Every structure is written in structure tokens, then in C-alpha cells.
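Summary of the model geometry
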Amino acid sequence: MKGAPSQDMLIIPGPMDSVMPRSVGDLTLHLKQDLDQTPFVLLDCHDQSLWSSGRLLIEAGGTLYLLCKDGAVLRQKGRADGHFVRDLHDGPVRAALSDFPALRALTAIGRGLFETRALAALDDLQKTQVRGVVMTLMSDAGQVTIVALQNLRGYDRAYSRVIGALGNGAQKLGDDGVFRSLFPNHVTYRAKPDIAMTTDERAFDAARDIIATYLKVARQNEAGIVADIDTEFLHDYRVSLRRIRSVLSLFKGVFSEAQTATLKRAFSDLMAPTGRLRDLDVYILDRDNYFSMIPEELHVGARQLFDRFESERSQVLARLARHLRSRDYNRRMADLTEMFNGDKGVQPGPNAERGACEFACALIWKRYGKLCKLARSITPETPDEAVHELRILCKKLRYLMEFFAPLFDARSFRVVIRPLKKLQDNLGRFNDCSVQQQALMELVQTQTNTAGRIDARLGLAVGGLVAVLNQRQQAERARVIDNFRHFDGPDVRKMFRTLFHEKEG
Amino acid sequence: MRIIACYSNKGGVGKTATSVNLAHAYAQAGRRVLLCDLDPQGASGFYLRVKPSKKLTEARFFEDVKKFTNAIRASDFDGLDVLPANMTYRDFDIFLSRMRNKRSRLKKALNSVGGDYDVIVLDCPPNFSTLSENIFKAADVIVVPVIPTTLSERTFEQLVTFFDAHKLRKKKLHAFFSMVQRRKTLHQETMKAMSKLYRKRFLKACIPFASDIERMGQHRAPVSTFARRSAAASAYRALFEELEGQTD
């Protein structure tokens, strides 16, 4: 409601009884038992994005409680642990989680006991002047009391008195301290952690830091892949490994030539067992889209197709999970982690001593030039291979820029990143369409018997899909030239020069 | 927005109890309700434990929109606010016309403090005056409690005559029998006669003479909150439902 009476959410370390006074001035604070101590699960995204946006999602006693920074306490019946937001029943909590990443499942971040009481600040006539809810979260490590207060119309003075009495030392939702006091051992996950970098840092140290960081990110995703919580764990795992591989290939001469080659092979080997699962994830995530692309008559065949994908996925996942749990894999990861975290083990190459900043500028400037040269040569007649090549150049440039982002002014950086991102999205869709067609054709090959025949319904479905995908691919391709023109505009060009080229001189 | 005036030109007929219970019933049904205590002897504020604000007795506070909105108090019940006013009729006049005018500063001020009201229940003072006439004009519905006695019969007749004389729309009048004691022959006979005489003016719902209604003064709360299953509570619910059915 527009301009609704104000609400506040106070977070006070300690148990309810010790933090709640009996009275505030001439107001008596009355607490009425609402929910007795019940086990709770604190739910969030793997990266705790709910918490950092000032929200707290609790599942207790078959009810979901969403506490919001603005003081609102939303409730709805149901369970959410391991569910996607779209799977929740309609209700205020689901509605308020509409910005939760669609591909992320709600996962348990911590557990403990939960208790709620209704709070009323009463005057001498027993009239409620301030209303609220008091909740206590108890974990093995500590207790936190959360007071959600509601300002009743006409009782502003009472409200500010109660806030004044309770608010001393209170923290806000989203404050790290609150979280730490309940779950001190929880490690916050960041898919793209900020890597501290100084302008006078050596290229060698920068490369080593980046690799060490992304090794850690990759490892943080292993459990989620094995438990099959959502598909983003594998995605993030692969992206981390890809970033490491791009450091190895882009930072030429920072590590010794022999070691670079060994490492490249090692990381390529780590990546290999994940490819098929990711492909299948992409298909299955896009299932509805596939069905909408083809007429209903072909849905029977498409269902067959997806049943195959599903059963293949469970096999591939089981294999990958075994791999990730294997002693050999864990030893390899532990060795690599030790190597990049310690001083020994990594052999410097001829460029090791160069300044990271200067090195980065040179690399980015060179990549940028290469990319523009290729992109400008693309016409509607150019073969698809050139467009694929452009996609890879864009990706490498983006990784490079993101690695060194801390060294540059964030706002200027955004100016160049935004059109690049748009171009990349476009190229990504182009590539997806192409890869999917290819994979469907391969599938037809494997399903064809010796006489060259295939199940008619499957064949029809694949045929329909390939036709639509091909059209989409062409449409995306047509957009590439436009998007590049935008990226190649004078503002972006000037910014690239200012950021990465003029410093050099 | 709908303005429901609770009016009787005779005192002690259960008017304030009706205002409070009706306002509460509307709020329970999910409406945003403002209950205005206009009767200097009225006690709707008292029934809801809302103390009158000092500012309210200041003359012409309606000229200051802020003072008006600040005077509104949330009751202990969701959606039910109280204006514990004891205002002059000049103020009230301004109030009614501003409530009717969508673009008035008053409406804007109400919107800014948490939305406008769906229903305004007026607990009116018991006399014929310029104020009454204005209420009759401004209200969408005028709810009139009538005790089924000879005296009340006469006062209701006066009210109808007043409507005729001032060319007011009698259709707005929704009378109902209040403080009914079924075992009294007089009550039964009066109800029969009046229902026949004013066939279209009387609602079917009757509020019995009940100790639960008297106990509102002790509990300082609507009947349904402390005697949910009582005859009185269901009678008020029936009154609300009948009004809802007619006025929607």
C-alpha cells in the first residue's frame, strides 16, 4: 500500500528474554506466545543474495517467514528447502521473492530453533499503541532476537519511544555481524570474488591470485553438483575453470612455458568430464521453449527426446559425482590449490616481473584491436565460422577486463562492458542455436539403425526443432552486425583508448 | 468510499454500540474503515480505548489538514481507525464536503498516510440541526436504531416527516429494531405495526437487548471480540450482512 504506516526491523544479539524490557515509560510490553520453539532452516541462494539484499527466509513448522529490511514479516504455508521459487505456492512470500534467480534453488544455509511471539505495547487502558512480532533464532553458536515493529496511526510518539528503547545496538538485516553470530563457520560464496590488486603488482602475482581464487570458487561448487541442488553449481564450476584456463592462455610468458603447457592440460582434463552434463542441463532447462517452438503434433517425439536427455543426464551426473568424490580428483585439486597459494611450485616466465596493470592494458588493447578487426570484416556473406571466432574473442576480452577491473575506474569500465555484454549475449544465442542443431543431428545419427531408419516421431520432432533453431540462428546472426556497430561507437572506442592505451605512454 | 451514518433523534437506543460493532464488522470483512465519533456524549472512542486527543477540541481544526490526519488513531483491530473527535458542526461540514471531493487536500493527506478509507462510519449526535441535515445529505446510508416502544415510534415518525419536509431521499433510511425484548408483548406488537407501516424502511436484522452489549463498556471492545458466539454478535453480523447486500 502506498505510504503505509512505517515499520522497522531491529536485530538484537541475544535471547528474547534478555533483550526485551518489561516496559517502556508508561507502556507495558506484552508478549504473547505465537510459535513455540521449532526447528528452522535458514534458506537462501548459494551466494546468500537474499541476505545481502536485506531479506531473511526462514522455514519453520511448515510455514515460510520472509523478513524484509523495511520491517515487513511475510508468511505463507509451505516448504521451500531445495525448491525453486517458481515451485512455491502462490502467496506473499513467493511474490516477494520474484527477483530470486530463476535457476537457483533455495538451499539450507543454517539450522537451529525458532520461536515467535506477538508483541503489544499497551497503555494504561490496555490499548495497543505499538504492535510487533518478536522472533528468536537460536543456533549452536548463538542467539539473535529480531523485533519487527509496526507504527500504528496516531501513535507516533509511542513508536519512537519503543524504537528508542529497543534500538540501542540493534543491527539491520543484511549486516554481516548478525549472520556471523549465528553461523560463524558459514563460508560466503561469490561466483566472481573481488580479487585485491594494486597498480604496482607483478603480473606473476596477479595471475597466481586469480587462479588461486577461482580454484577456491570451483571447489565451493562441488558439493552442490554432487547433491544436484540446481544447475548453476556446475555452471559456476565450469566458468571458474574456464577463467583459470583463460589466464593460462592469455597471460603469455607469465609462467614458464613448460609449466603453462602442463597446467593447460591439467585444467583441460578437469573440464572434460563436465561438458556433457552442462549440454544436457541446457537442453532440459530450455524444455518449455523447445516445445513451444514446434507444433503440437510433434510433441510426442519431443517428449521421447527429452526422456532420453533426462535418463542420460542421471547417468552422466552419477559419473561426474563419482569423479568429484574420487581420491584422485581431490588430490589433484589439493595439489593445485597448494601450488597457487604457496610461494613454491609456480615457475615464473619471461613476463613474470612486468607490472600487472601495464601488462593488462597491453593485453586488453591488443585483444580489443583484434576483435574489432575481425568484427568489422563480418558481412552477411561471411561464413559462420567467423562469427564463432568473434564470440571467442569477445569472451577472452571480457575475462581479461574482468580480471583487472579492480585496477580501473568502475564507472568508465561499465561504459565499455555494457555494449560488450550485449554483443556477447547475442553471440551466445547464436552459438547455442548452432550447437543445439549439431547435437540434435548427432542424436539422430546415434538413434538410426543399420538400415538407416529412425523412429518417425523422433525424427519429426528433431526435424522440426532443427528447422526452427536454424531460423533463430540466422536471426541472431543478423543482429550481430548491429550490436557490434554499437560496441564500435566513438564513445566506447574513446573509452577503450583512455583506459587501456593512454596509460601506457 | 461509502459514508454510513448511524443516527437517532432519541438517545440511549444503542447507537454507539451499533457504530462500533458495524465499523468492526466492515473492517473484519477487509475494508479500511474510519469510525468518526461525532456525538459529544458518544463513546465510540471509549469503546475502542482510544483517548481523545487534546488537539481535537481546538476550534476549526479541520482547516488544518495535518491536524486532522494526526488526530486519527489506529484501533486494536486491523483496518479500523478512529477519529475520536468532538467537533463543531462547522468543522464537520467542511469534513463531509472534503471527504466527498476526491481532489481535496484532505483526501490527498489521507492517501499519503496509508491510503484512503473504503467506509466511513459516523456516530452522530442525536438532534435535528443543520448538522443532521448535512449528514442526511452526505451519507449514502443512514442506519437508524429504533427501540420498539411507543415513544420510539413517534421519534421515527418525526424523522420521516423531517425527510419529507426537507425533500431528503428516504431511501437512504435503513431502520432496524434495537434493544429488542421478544418476551414483551409491547415490543412484539410495535415491531409488527412499524414493519407494516414503514415496510421499505426496516431491515430484517434485529439487535436484542443483551447483557453482552452492555458488557462492551467493561471490555471496551466490539461484542464479537469477547462474545463471539453470542446472540448479540450474530445479530450485528446479520445487520452488517444485510446492509452489505443492500448497499452494494
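What comes next is a walk through the structure. Source: prediction; values computed, not measured.

Secondary structure summary: chain A contains 17 helices and nine strands in total. Each principal axis of the C-alpha atoms in chain A carries an extent, and together these give about 85 × 65 × 50 Å. Scored against the burial criterion, the 505 residues of chain A give a buried share of 50%. A separation of at least 24 residues holds for 71% of the contacts in chain A among residues at least 6 apart in sequence. Side-chain charges in chain A split into 72 positive and 63 negative, and the spacing between the mean points of these groups amounts to 2 Å.

Before going further, it helps to spend a moment on the environment of Leu243 of chain B. Mapping Leu243 of chain B onto the fold places it in helix α12 (residues 231-247). With near-sequence residues (within four places) excluded, Leu243 of chain B lies in contact with Leu22, Tyr26, Val141, Val143, His174 and Leu203 of chain B.

This part covers the pairing of strand β1 (residues 2-6) of chain B. Residue and element names in this part refer to chain B. For β1, the tally of buried residues reaches four of five residues, placing the bulk of the element in the interior. Where β1 lies against strand β6 (residues 141-146), three bridges are found, and the strand directions are parallel. The residue of β6 that forms the bridge with Ile4 is Val141.

What follows covers the packing of aromatic side chains. Applying the stated criterion to the full structure yields 31 aromatic pairs over all chains. Geometrically, the ring pair formed by Phe306 of chain A and Phe309 of chain A is edge-to-face, given 5.4 Å between the ring centres and 90° between the ring planes. Here Phe309 of chain A and Phe306 of chain A lie together in helix α11 (residues 299-325), a separation of three residues that amounts to about one turn. Overall, the relative accessible area of 1% leaves Phe306 of chain A in the buried class. Relative accessible area serves as the criterion here: at 2%, Phe309 of chain A is assigned to the buried category. Judged by centre distance (4.4 Å) and plane angle (20°), the rings of Phe177 of chain B and Phe202 of chain B are stacked. With Phe177 of chain B in strand β7 (residues 173-180) and Phe202 of chain B in strand β8 (residues 202-208), this pair connects stretches of sequence that are 25 residues apart. Of the two residues, Phe177 of chain B and Phe202 of chain B, both sit in the buried class. Aromatic rings pair up to connect Trp365, Tyr368, Phe408, Phe413, Phe484, Phe487, Phe496 and Phe500 of chain A into one cluster. Its guanidinium or amino end placed over the ring of Phe84 of chain A, Arg86 of chain A lies 4.6 Å from that ring's centre, counting from NZ or CZ. One cation-aromatic arrangement involves Arg104 of chain A over Phe233 of chain A; the distance from NZ or CZ to the ring centre is 4.7 Å.

This part is about the pattern of salt bridges. All names here are of chain A. For the coordinates displayed, the defined rule picks out 35 salt bridges over all chains. When the shortest N-O distance is used, the salt bridge between Glu59 and Arg79 registers 3.3 Å. Highlighted residues: Glu59 in strand β4 (residues 55-60) and Arg79 in the loop between β6 (73-77) and α3 (92-96), separated in sequence by 20 residues. For Arg104, the salt bridge is made with Asp230, and the minimal N-O distance between the two is 3.1 Å. Taken together, the residues Arg104 in the loop between α3 and β7 (107-122) and Asp230 in the loop between α6 (203-227) and α7 (232-250) connect sequence positions 126 residues apart. Each of Lys192, Arg243, Arg398 and Glu402 takes part in one network of salt bridges that share partners.

Since one α-helical turn is 3.6 residues long, residues separated by three or four positions face the same way. When we look at burial in helix α4 (residues 156-166) of chain A, the residues that qualify are Ala158, Tyr159, Val162 and Leu166 of chain A. Viewed along the axis of α4 of chain A, the buried residues span an arc of 100°, placing them on a single side of the element.

We now examine empty space enclosed by the protein. Residue and element names in this part refer to chain B. Using the criterion set out here, one finds three cavities of 30 Å³ or more in the structure. Approximately 50 Å³ is the volume attributed to the largest cavity. Forming the boundary of the largest cavity are Ser8, Asn9, Lys10, Val13, Val144, Pro145, Val146, Ile147, Ser152, Thr155 and Phe156. Of all elements in the fold, only β6 and α7 (150-165) reach the threshold of two or more residues within the lining of the largest cavity. Classifying every residue of the lining of the largest cavity by side-chain character gives six nonpolar, four polar and one charged.

In a soluble, globular protein the nonpolar side chains are often hidden away together inside. Among the nonpolar cores identified, the biggest contains 106 residues, and Phe251, Phe267, Phe340, Met401, Phe404, Phe487 and Phe496 of chain A are the most heavily contacted of them. Every residue in contact with Phe496 of chain A, bar those within four places of it in the chain, is listed here: Ile364, Trp365, Tyr368, Leu397, Met401, Val416, Phe487 and His501 of chain A.

All names here are of chain A. Inspection of the secondary structure puts Lys172 in the loop between α4 and α5 (176-182). Spatially, the C-alpha atoms of Lys172 and Ile146 are 9.4 Å apart, while their sequence positions differ by 26 residues. Here Lys172 is in contact with Ile11 and Val178, once residues within four sequence places are set aside.

Further remarks concern unusual backbone geometry. Although it is not a glycine, Gln48 of chain A sits at a positive phi angle of roughly 55°. Relative to the elements of secondary structure, Gln48 of chain A occurs in the loop between β3 (27-44) and α2 (49-52).

All names here are of chain A. Running from amino to carboxyl end, α11 crosses helix α12 (residues 327-341) at an angle of 55°, the nearest separation of the two axes being 5 Å. Classified by the angle between their axes, α11 and α12 sit oblique to one another. Across from His323, Leu324 and Arg325 in α11, the residues of α12 making contact are Arg327, Tyr329, Asn330 and Arg332. Among the residues forming the contact of α11 with α12, the class breakdown is two nonpolar, two polar and three charged.

Residue and element names in this part refer to chain B. One open sheet holds the eight strands; their spatial order is β3-β4-β2-β5-β1-β6-β7-β8, and the pairing between them is mixed. Two strands bound the open sheet, and with one partner strand each, they are β3 (73-74) and β8. Across the sheet, helix α1 (residues 15-28) is in contact with β1, β2 (33-37), β4 (80-83), β5 (119-123), β6 and β7; its angle to β5 comes to roughly 170°. Here α7 sits on the sheet in contact with β6, β7 and β8, set at roughly 160° to β6.

Time to look at the side chain of Asn9 of chain B. Residues and elements named next belong to chain B. For Asn9, the location among the structural elements is in the loop between β1 and α1. You can call Asn9 buried: its relative accessible area is 15%. For Asn9, the side chain forms a polar contact with the main-chain oxygen of Thr155, separated by 3.0 Å.

Residue and element names in this part refer to chain A. With respect to the element layout, Asn151 can be found in strand β9 (residues 143-151). Look at Asn151 and you get buried, because its relative accessible area is 10%. Polar side-chain contacts of Asn151 include one of 3.5 Å to the side chain of Asp156.

Time to look at a positive patch on the surface. Positive charge collects at one region of the surface, where Lys252, Lys264, Lys366 and Lys370 of chain A lie side by side. Within the fold, Lys370 of chain A resides in helix α13 (residues 356-377).

Reading the values: the criteria
Residues numbered from 1 in each chain as written. Chains lettered and ligands numbered in written order. Predicted model: local features only at pLDDT ≥ 70, side-chain atom pairs only at ≥ 80, totals over all residues. Heavy atoms only, no water. Helix = DSSP H or I, 4+ residues; strand = E, 2+ residues; numbered from the N terminus. Buried < 20%, exposed > 50% of the residue type's maximum accessible area, 1.4 Å probe, protein only. Contact = heavy atoms within 4.5 Å. Lys, Arg positive; Asp, Glu negative; His and termini not counted. Charge placed at Lys NZ, Arg CZ, Asp CG, Glu CD. Pairing = 2+ DSSP bridges. Phe/Tyr/Trp six-rings, centres within 6.5 Å; stacked < 30°, edge-to-face > 60°. Lys NZ or Arg CZ within 6 Å of the ring centre and 35° of its normal. Salt bridge = Lys/Arg side-chain N within 4 Å of Asp/Glu carboxyl O. Arc of directions from axis to C-beta. 1 Å grid on protein atoms, 1.4 Å probe; cavity = no way out; pocket = protein on both sides within 12 Å on 5 of 7 lines; lining within 4 Å. Points joined across faces, edges and corners; volume = space filled by probe spheres on them. Nonpolar A, V, L, I, M, F, W, Y, C, P; charged D, E, K, R; others polar. Core = buried A, V, L, I, M, F, W, Y, C linked by side-chain atoms within 4.5 Å. Axes fitted to C-alpha atoms, helices over the stretch in contact; angles between N-to-C directions. Parallel < 35°, antiparallel > 145°, perpendicular 65-115°, else oblique. Polar contact = N/O pair within 3.5 Å; in protein donor to acceptor, adjacent residues only side chain to side chain. Patch = residues over 30% accessible without salt bridge, like charges linked within 9 Å, V, L, I, M, F, W, Y side chains within 5 Å. Areas by Shrake-Rupley, 256 points an atom, 1.4 Å probe, with all protein chains shown as cover.

Honestly, that's just the spatial picture; any functional story needs more than this.
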